Amino acid sequence: MKMHLGIAQIDTKLGVVDANLQKHLDYIEKARHAGADLLMFPELSLTGYLLQDLVPAVAHSPTPSDPVFKELFKASQDIDLLVGFVEEDERNRFYIADAYLSQGKLVHIHRKVYLPTYGLFDEGRFFAWGDNTRAFNTRFVRSGVLVCEDFWHVAPPYLLWLDGADLLLFTSASPGRGLTEAPQLSTSMWVESINRAYASIFTSFIAHCNRVGFEDGLHFWGGSTVYDPDGNCLVKAPYDKEAFLTVEVDLNQLHRTRARLPLLRDERTAMVQRELNRILSDDRSNSGK
Amino acid sequence: MKIDLTINTDLATEILTAFIHSETTRAGFQKVVVGLSGGIDSALSCVLAAKALDPQNVLAVRMPYRTSSPDSLEHAQLIIDQFGVQTITIPITAMADGLINEFPDMTDQRKGNIMARCRMIVLFDQSNAFNGLVVGTSNKTEILLGYSTLYGDSASAFNPIGDLYKTQVRQLSTALNIPNVIIKKAPSADLWADQTDEGELGFTYAEVDKLLYLLVDERYTAEECVEAGFARTFVDTVVNRIRRFHFKRMLPPIAKLSSRTIGYDFLYLRDWGT
């Protein structure tokens, strides 16, 4: 089976949801014409990233009555969508979230589990922590969603892999840093290395959609990529420029790669559970959060 | 420990020109104003702005004082001619001397600060007249060392070169074909005759950039830098300057009284809404 995956590597207006929604609808139209089955947007694509005190003002709920999601549900009738937004739950907690929409319905919500609160990041100050990492079925392939810092920790992609996800959808708003003699920033080298590694060790498809543009002095570097289960890069968007691209994903590659390299078959999950239980039951361990 | 300040100049140019374009246009402007001193830092900011916005949208302002070196005007002219930016020359002698002459025994440092602040007034006036934002020209070395006049040369709307050490400013300037005579001359604020940055600071930029890179970028302790061979007095001087002049890098603190106070819990980026 083959699917056409679209990536919308966009810039956003900080805190201006209406303008960002219009840009989403424009890219969705473009993707529809290009025959895409699924279109991914970056982290917080409807709001912008460094929101600080804007968080409560730009929050939405993915319900049919919500004015923003009403438009997105309508647009998702014949193309699946993954959009980034600030979610306000029924008890008024705010999450960095991605919503997967298909055939006019909400299929899955992922609330960012790891909120970086160090260095230039301050997410833990403004957002609530998600606490689920779950795979879900799509029309094409069982998938999983992670947001930025989530995939800097090995556990979330590992859990999604064991939960049946063969396509991992990663979204980010990654601020570029690390200017050296190299022709690319250190950040992009790190991200590309780990995404390729995940594709290879989980023998799965990894699609990463990163944003571009500036927010004050922070610069988002783009360079979105899709890797196949052999770790080959199927497509790569340019650095620093808005881009729309589609790529044909041949899901039968899972069959061929896993016939050659049965890492999933041989995964020792019972041992992992046993050892995790032992590690976490040790009072001296500080590994449990 | 590895100390390599080399940067990829193509990548730096791409990011910094995009930054200048973004910060200018999202604020509703098409044009910028740069104080062009004849030195390397303002030359680099000016050239980056010309690349980002088109030279016709860049106004290079020359602001000589009566004691300024003639070389400064000439070197600024080299940039203006080579990169085709718009230009205006506004001497600050009359406005600076208006205050300086009130105090016959004024120190050079006071006079220098007055000149720097006069230039700030001229630039922000030209900002209004030319309808362009003022581009900053302070590099990372001088910002960290606090080697600037508060509300003088440190004042700008945005700063494209503030995360580049002087050593890196030189590398990028070379790559952008800024004339060698500007890159090679001794850095100077040109506030009084024979003033040089390195003479005043007591060390060279090449030396201090390596130390700052270890302390700031790589998070080595002062003690580790001494063990690596940097003189203790040099390390102590630099560490002390970074702390002592931190106030120059901050907005003035506001005394908190209410439940929501600017600077503490009223937090928005400048790019809010754009």
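Residues numbered from 1 in each chain as written. Chains lettered and ligands numbered in written order. Predicted model: local features only at pLDDT ≥ 70, side-chain atom pairs only at ≥ 80, totals over all residues. Heavy atoms only, no water.

Scanning chain A from N- to C-terminus turns up 8 helices and 13 strands. Taking the principal axes of its C-alpha atoms as reference, chain A extends roughly 50 × 50 × 45 Å. Per-residue burial over chain A gives 54% buried out of 289 residues. Expressed as a percentage of contacts within chain A between residues at least 6 apart in sequence, the contacts between residues at least 24 apart total 66%. (Helix = DSSP H or I, 4+ residues; strand = E, 2+ residues; numbered from the N terminus. Buried < 20%, exposed > 50% of the residue type's maximum accessible area, 1.4 Å probe, protein only. Contact = heavy atoms within 4.5 Å.)

The subject of this paragraph is the overall build of chain B. Looking only at helices and strands, chain B has 12 helices and 4 strands in total. In summary, chain B has a C-alpha radius of gyration of 19 Å against a globular reference of 19 Å for 274 residues, a match within 12%. Over its C-alpha atoms, taken along the principal directions, chain B stretches across nearly 50 × 50 × 45 Å. Of the contacts formed within chain B by residues at least 6 apart in sequence, a portion of 74% connects residues at least 24 apart. Carbon together with sulfur atoms contributes 54% to the accessible area of chain B, which is approximately 13300 Å² in total. (Rg over C-alpha atoms; globule rule 2.2 N^0.38 Å. Areas by Shrake-Rupley, 256 points an atom, 1.4 Å probe, with all protein chains shown as cover.)

Taken as a whole and judged by the stated rule, the model has 20 aromatic pairs over all chains. Taking 4.3 Å as the distance between ring centres and 10° as the angle between the ring planes, the aromatic pair formed by F151(A) and F170(A) counts as stacked. Taken together, the positions of F151(A) in the loop between β6 (143-147) and α5 (155-162) and F170(A) in strand β7 (residues 167-172) put the pair 19 residues apart, joining distant regions of the chain. Grouping residues by exposure puts F151(A) and F170(A) together as buried. Between the aromatic rings of F245(B) and F247(B), the centroid separation amounts to 6.3 Å while the plane-to-plane angle is 45°, which identifies the pairing as tilted. For F247(B), a relative accessible area of 45% translates into the label partly exposed. Every member of this aromatic cluster is reached through a ring pair, and the members are F151(A), Y158(A), W161(A), F170(A), Y198(A) and F202(A). Between the NZ or CZ atom of K30(A) and the centre of the ring of Y27(A), over which it lies, the distance is 4.4 Å. Across the ring face of F103(B), the terminal group of R110(B) is positioned such that the distance to the ring centre comes to 4.9 Å. (Phe/Tyr/Trp six-rings, centres within 6.5 Å; stacked < 30°, edge-to-face > 60°. Lys NZ or Arg CZ within 6 Å of the ring centre and 35° of its normal.)

Looking now at the pairing of strand β1 (residues 31-35) of chain B. All names here are of chain B. The element β1 is largely enclosed, with a buried count of 4 among its 5 residues. Alignment of β1 against strand β4 (residues 132-134), held across 3 bridges, turns out to be parallel. Paired with V32 across the two strands is L133, which belongs to β4. One ladder, built from 4 bridges, connects β1 with strand β2 (residues 58-62); its direction is parallel. Note that in β2 the partner of G35 across the bridge is V61. (Pairing = 2+ DSSP bridges.)

Turning to the packing of helix α10 (residues 205-217) of chain B against helix α12 (residues 232-244) of chain B, a few remarks are in order. Helix packing for two helices is described by the angle between their axes and how far apart those axes are. All names here are of chain B. Contact pair α10 / α12: the axes reach a minimum separation of 11 Å and the direction vectors enclose 65°. Judged by the twist between their axes, the crossing of α10 over α12 is right-handed. Judged by residue contacts, E207, V208, L211, L212, L215 and V216 of α10 engage F234, V235, V238, V239 and I242 from α12. Split by residue class, the contact of α10 with α12 holds 10 nonpolar, no polar and 1 charged. (Axes fitted to C-alpha atoms, helices over the stretch in contact; angles between N-to-C directions. Left-handed = near helix turned anticlockwise from the far one by under 90°. Nonpolar A, V, L, I, M, F, W, Y, C, P; charged D, E, K, R; others polar.)

Take unusual backbone geometry next. All names here are of chain A. Despite not being glycine, T203 has its phi angle at roughly 40°, a positive value. Among the structural elements, T203 can be located in the loop between α6 (186-201) and β8 (205-210). Its relative accessible area of 0% is what places T203 among the buried residues. Positive phi outside glycine occurs at D240, with the angle close to 70°. Summarising the element assignment, D240 is placed in the loop between β12 (233-236) and β13 (243-250).

Turning to the sheet that holds strand β2 (residues 38-40) of chain A, a few remarks are in order. Residues and elements named next belong to chain A. Here 6 strands make up an open sheet; going across it, the order is β5-β4-β3-β2-β1-β13 and the pairing mixed. Unpaired on one side and paired on the other, β5 (105-111) and β13 mark the two borders of the sheet. Between one strand axis and the next, the sheet turns through 30° on average, direction left out of account. The pairing of strand β4 (residues 94-102) with β5 spans 6 bridges and is antiparallel. Looking across to β5, one finds that A97 is bridged to R111.

Let us now look at the sheet that holds β6(A). Residues and elements named next belong to chain A. Pairing is mixed across the open sheet formed by 5 strands, whose spatial order is β6-β7-β8-β11-β12. Looking at which strands have only one partner, the edges of the open sheet turn out to be β6 and β12. The sheet shows a mean angle of 10° between the axes of neighbouring strands, taken without regard to direction. In this sheet, strand β11 (residues 225-227) lies alongside β8 in antiparallel orientation, the contact comprising 3 bridges. Residue pairing for β11: A207 is matched across the bridge by V226.

There is a patch of nonpolar side chains on the surface, built from I254(B), I262(B), Y264(B), F266(B) and W272(B) and spanning about 500 Å² of accessible area. For W272(B), the position within the fold is in the segment after α12. (Patch = residues over 30% accessible without salt bridge, like charges linked within 9 Å, V, L, I, M, F, W, Y side chains within 5 Å. Salt bridge = Lys/Arg side-chain N within 4 Å of Asp/Glu carboxyl O.)

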